[in-house]
Amino acid sequence: MTSHQSPIWHPFTQHGLGDPTPLIARAEGARLYDAQDNSWIDAISSWWVTTHGHAHPRIMAAIRAQSEKLDQLIFAGWTHEPAEMLAAELIRITPDPLTRVFFSDSGSTSVEVALKMALGYWYNIGEPRSRILVLEHSYHGDTIGTMSVGERGVYNRAWQPLLFDVDTIPFPHEGLEQATLDALEAACAQKPAAFIVEPLILGAGGMLIYPAWVLAEMRSICARHGVLFIADEVMTGWGRTGTRFACDQAGVIPDIVCLSKGLTGGSLPLAVTLCIEPIFAAHWSTDRAKTFYHSSSYTANPIACAAANANLEIWRDEPVQQRIDALAVAQGAHLSMLGHNPRVANPRRLGTIAALDIVVPDSGYLSNLAPRLIAFYRDHGVLLRPLGNTVYVMPPYCIEPDELAQVWNVIAASLDAPG
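Residues numbered from 1 in each chain as written. Predicted model: local features only at pLDDT ≥ 70, side-chain atom pairs only at ≥ 80, totals over all residues. Heavy atoms only, no water.

## So, a nonpolar patch on the surface
Definition in use: Patch construction takes residues with relative accessible area above 30% that form no salt bridge. Like charges are linked within 9 Å, and nonpolar side chains (Val, Leu, Ile, Met, Phe, Trp, Tyr) are linked within 5 Å. Residue exposure ignores everything except the shown protein chains as possible cover, and the areas themselves are Shrake-Rupley values with a 1.4 Å probe. Definition used for salt bridges: Asp or Glu carboxyl oxygen within 4 Å of a side-chain nitrogen of Lys or Arg. Note on conventions: DSSP H or I runs of at least 4 residues are helices, E runs of at least 2 residues are strands, and numbering of each starts at the N terminus. For each residue, the accessible area found with a 1.4 Å probe, counting protein chains only, is set against the maximum for its type, and the residue is called buried under 20%, exposed over 50%, and partly exposed in between.
A contiguous nonpolar surface patch, about 470 Å² in accessible area, is contributed by Phe12, Trp47, Val154, Tyr365 and Leu366. Position of Val154 relative to the elements: it lies in the loop between α5 (144–148) and β6 (167–169). The partly exposed category is assigned to Val154, whose relative accessible area is 39%.

Spelled out as structure tokens, the structure:
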């Protein structure tokens with residue numbers, strides 16, 4: 001393994017621990033390679049983005065072709081074919097009430113856009129509302145707005161003075177679902193602007209899963225009270241939960257939905273926020289003061305849009321759903337083999353995502369187990385990044401059965417490793 005020293009300050013990395021930083025030279029399918037051809041199985045899809053596999057030929061071809069035609073264009077008052085094609089296809093594959101597509105460049109910014117859309121809607125119709133409802137343990141990104149609507153704690157303690165206040169709804173733990181729904185009902189009666197949720201599973205919050213019927217009930221409560229419902233499908237979208245979008249499993253149509261990560265198959269940064277027509281209409285005016293004032297320099301970058309179009313073509317032309325179904329079954333089989341280990345608690349799976357908690361005295365995100373596990377997995381040819389004592393597997397859909405078996409064998413070995 002080649003370890004690389006550089007002046008780079010890496011995200012979510014405590015450099016004081018002195019951990020090695022592998023220098024990756026190339027990737028293909030579910031594997032990463034360094035210059036010496038050592039390889040690692042990418043069992044978390046490089047932070048949940050890679051869906052069909054690294055360097056997918058169709059996506060790479062689309063990127064090359066677009067790079068020779070149009071690399072970048074200001075998107076304020078101008079447009080280009082890759083963005084128009086992508087927006088049209090996104091509207092086609094999402095429920096009819098979602099009629100408008102706003103481009104940005106990451107999951108965090110897509111959520112920022114959603115929050116600003118919601119507040120702008122109420123302001124522009126002359127009924128200003130400022131409160132946002134959030135679900136306990138949620139995570140929506142690392143910008144100021146997205147940290148405000150996420151769980152407060154180690155992620156954002158230093159920036160607490162910058163965060164705006166929200167109302168938190170308790171997570172619907174098994175047997176306590178009605179308490180969650182009752183709390184949401186009471187909070188919605190106070191006329192907040194919006195309720196934002198990660199549908200069916202909370203990612204960085206510990207891969208916490210809740211049932212589809214609860215998601216459907218939460219949506220119904222918001223609809224009854226006229227509270228905008230925002231679905232953050234940044235991680236859950238593009239098949240991770242077993243269906244193209246997690247909301248599909250609950251028959252839920254959000255007022256606003258955020259998509260990123262797998263939007264380009266994981267190849268390039270791109271995000272979209274889709275919304276229903278009344279939200280767009282509230283900003284449509286001859287009064288320039290009602291303009292939706294949000295953008296970034298690389299909004300709807302043509303090369304990224306071309307990659308996303310290739311991703312959607314793969315979904316149309318190839319048996320993606322069959323691959324997802326097969327991976328989900330395989331994940332369940334491997335998980336069940338570890339379920340009786342006394343060091344394993346709460347084994348769980350949703351679609352292609354499998355997770356378990358390792359029993360330790362210091363559970364939680366800052367568990368001392370996490371750095372040891374990361375090193376163990378890295379030394380055994382697997383890229384896994386536990387959330388504290390929670391180990392999860394979220395591989396690309398192209399992973400081979402023997403590769404997936406290797407991932408789970410390494411997890412099993414880590415349960416018996418010293419320390």
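## Considerations on the domain arrangement of the chain
For clarity, the cut-off: As used throughout, domain bounds are those supplied by an automatic or database domain assignment. Buried area is understood as the total, over both parts, of accessible area removed when two parts are fitted together, assessed with a 1.4 Å probe.
For the chain, the domain assignment lists domain 1 (15–42 + 320–416) and domain 2 (59–317). With both chains or domains summed, domain 1 and domain 2 bury close to 1,500 Å², and 70% of this area falls on carbon and sulfur atoms. Applying the counting rule to domain 1 against domain 2 returns 0 salt bridges. Looking at the side of domain 1 that touches domain 2, the elements that each hand over two or more residues are α10 (320–338), β13 (344–350), β14 (353–358) and β16 (390–393).

## A word on the pattern of salt bridges
Two side chains of opposite charge can pair, provided their charged atoms sit close to one another. All told, the structure shown has 13 salt bridges when counted by the stated rule. Here Glu403 and Arg31 are joined by a salt bridge, their closest N and O atoms 3.0 Å apart. Here the residue Glu403 occupies a position in helix α12 (residues 401–415), and Arg31 occupies one in strand β2 (residues 31–34), the gap between them amounting to 372 residues. Here the two residues Glu403 and Arg31 agree in accessibility, since each one is buried. A salt bridge links Glu318 to Arg323; the nearest nitrogen and oxygen atoms lie 3.0 Å apart. Connected via shared salt-bridge partners are Arg58, Glu313, Asp317, Glu318 and Arg323.

## Focus on the packing of helix α6 (residues 177–188) against helix α7 (residues 212–225)
Selection criterion: Where helices are involved, their axes are fitted lines through C-alpha atoms of the stretch in contact, as for all axes, and angles between N-to-C directions lie from 0 to 180°. For classification purposes, an angle smaller than 35 degrees is called roughly parallel, one larger than 145 roughly antiparallel, one from 65 to 115 roughly perpendicular, and anything else oblique. With the far helix as reference, a near helix turned anticlockwise by less than a right angle produces a left-handed crossing, and one turned clockwise produces a right-handed crossing. The contact criterion used is simple: two residues touch if any of their non-hydrogen atoms lie within 4.5 Å. When residue character is reported, Ala, Val, Leu, Ile, Met, Phe, Trp, Tyr, Cys and Pro are called nonpolar, Asp, Glu, Lys and Arg charged, and the others, Gly included, polar.
It is the contact of α6 with α7, at a shortest axis distance of 9 Å, that shows an interaxial angle of 15°. On the basis of their axis angle, the class for α6 and α7 is roughly parallel. Relative to α7, α6 is oriented so that their crossing is right-handed. Residue-level inspection shows Glu177, Thr180, Leu181, Leu184, Glu185 and Cys188 of α6 in contact with α7, the latter providing Trp213, Val214, Glu217, Met218, Ile221, Cys222, Arg224 and His225. Residues of the contact of α6 with α7, tallied by class, amount to 8 nonpolar, 2 polar and 4 charged.

## Details of the sheet that holds strand β3 (residues 39–42)
As a reminder of what qualifies: Note on pairing: two strands pair once DSSP finds at least 2 bridges between them.
Taken together, the 4 strands give an open sheet; going across it, the order is β1-β2-β3-β15, and neighbouring strands pair in mixed fashion. In this open sheet, the two strands that pair with only one neighbour each are β1 (24–28) and β15 (382–383). As paired elements, β2 and β3 share 3 bridges and run antiparallel to each other. By the bridge assignment, Tyr33 is partnered in β3 with Ser39. Contacts from α12 reach β2, β3 and β15 within the one sheet, and its direction differs from that of β3 by about 90°.

## Description of the pairing of β3
Counted along the chain from β2 to the antiparallel partner β3, the turn is 4 residues long, and its residue Asp37 has a positive phi close to 70°. Sheet analysis places β3 next to β15, joined by 2 bridges and oriented parallel. Across the sheet, residue Ile41 finds its bridge partner in β15, namely Val382.

## A closer look at the nonpolar core
A general tendency of soluble globular proteins is for nonpolar side chains to be buried together. To be explicit about the condition: By convention a nonpolar core is built from buried Ala, Val, Leu, Ile, Met, Phe, Trp, Tyr and Cys residues, the set being connected through side-chain atoms within 4.5 Å.
By size, the foremost hydrophobic cluster in this structure holds 121 residues, and its most contacted members are Leu90, Phe195, Met207, Leu215 and Met218. It is helix α9 (residues 302–317) that provides the largest number of residues to this core, a total of 9 residues. Setting aside residues no more than four positions away along its own chain, Met218 makes contact with Thr180, Leu181, Leu184, Phe195, Val197, Tyr210 and Phe229.

## Things to note about the sheet that holds β13
Taken in spatial order, the 3 strands line up as β13-β14-β16 in an open sheet, and their pairing is antiparallel. Every interior strand has two partners, whereas the edge strands, β13 and β16, have only one. The average angle at which neighbouring strand axes cross in this sheet is 15°, direction not considered. Inspection of the sheet shows β14 paired to β16 by 4 bridges, in the antiparallel sense. From the neighbouring strand, Ala355 faces β16, where its bridge partner is Tyr392.

## Some words on helix α11 (residues 369–379)
The complete set of buried residues in α11 reads Leu369, Ala370, Leu373, Phe376, Tyr377 and Arg378. Looking at the buried side of α11, the elements it contacts are β3, β14, β15, β16 and α12. Of the residues trailing α11, Gly381 is marked for its positive phi of about 80°.

## Quick look at the UniProt feature "binding site: pyridoxal 5'-phosphate" (unreviewed entry) in the chain
Quick reminder of the rule: UniProt positions are given in the numbering used here, feature names are shortened, and annotations may be inferred rather than shown by experiment.
The UniProt record marks Gly107, Ser108, Asp232, Ser296 and Ser297 with the feature "binding site: pyridoxal 5'-phosphate" (unreviewed entry), using the residue numbering of this structure. Annotated residues spanning 191 residues; largest pairwise C-alpha distance 22.9 Å, indicating distribution over more than one region. Inspection of the secondary structure assignment puts Gly107 in helix α4 (residues 107–124). Those residues in contact with Gly107, other than ones at most four positions away along the chain, are His140, Val234, Ser260 and Ala271.

## Looking at the side chain of Ser414
Here is the rule we go by: Each polar contact in these results corresponds to two N or O atoms within 3.5 Å; when the atoms are within protein, one needs to be able to donate a hydrogen and the other to accept it, and residues that are neighboring in sequence are counted only if both atoms are side-chain atoms.
Along the chain, the position of Ser414 falls in helix α12. Side-chain polar atoms of Ser414 contact the backbone oxygen of Ile411, separated by 2.6 Å.

## Re α12
Three or four residues apart is the spacing at which side chains of an α-helix point the same way, because the helix has 3.6 residues per turn. Operational definition: Here the expected length of a helix is defined as 1.5 Å per residue gap, with one fewer gap than residues. In this description, one arc is meant: the one made by directions from the helix axis to the C-beta atoms.
Over its 15 residues, α12 runs 22 Å from end to end, which matches the ideal 21 Å to within 8%, given 1.5 Å per residue. Within the sequence span of α12, burial applies to Glu403, Leu404, Val407, Trp408, Val410, Ile411, Ser414 and Leu415. One face of α12 carries all of its buried residues, which in axial projection span an arc of 155°. Set apart from the buried face of α12 by more than 90 degrees, the exposed residues are Pro401, Asp402 and Asn409.

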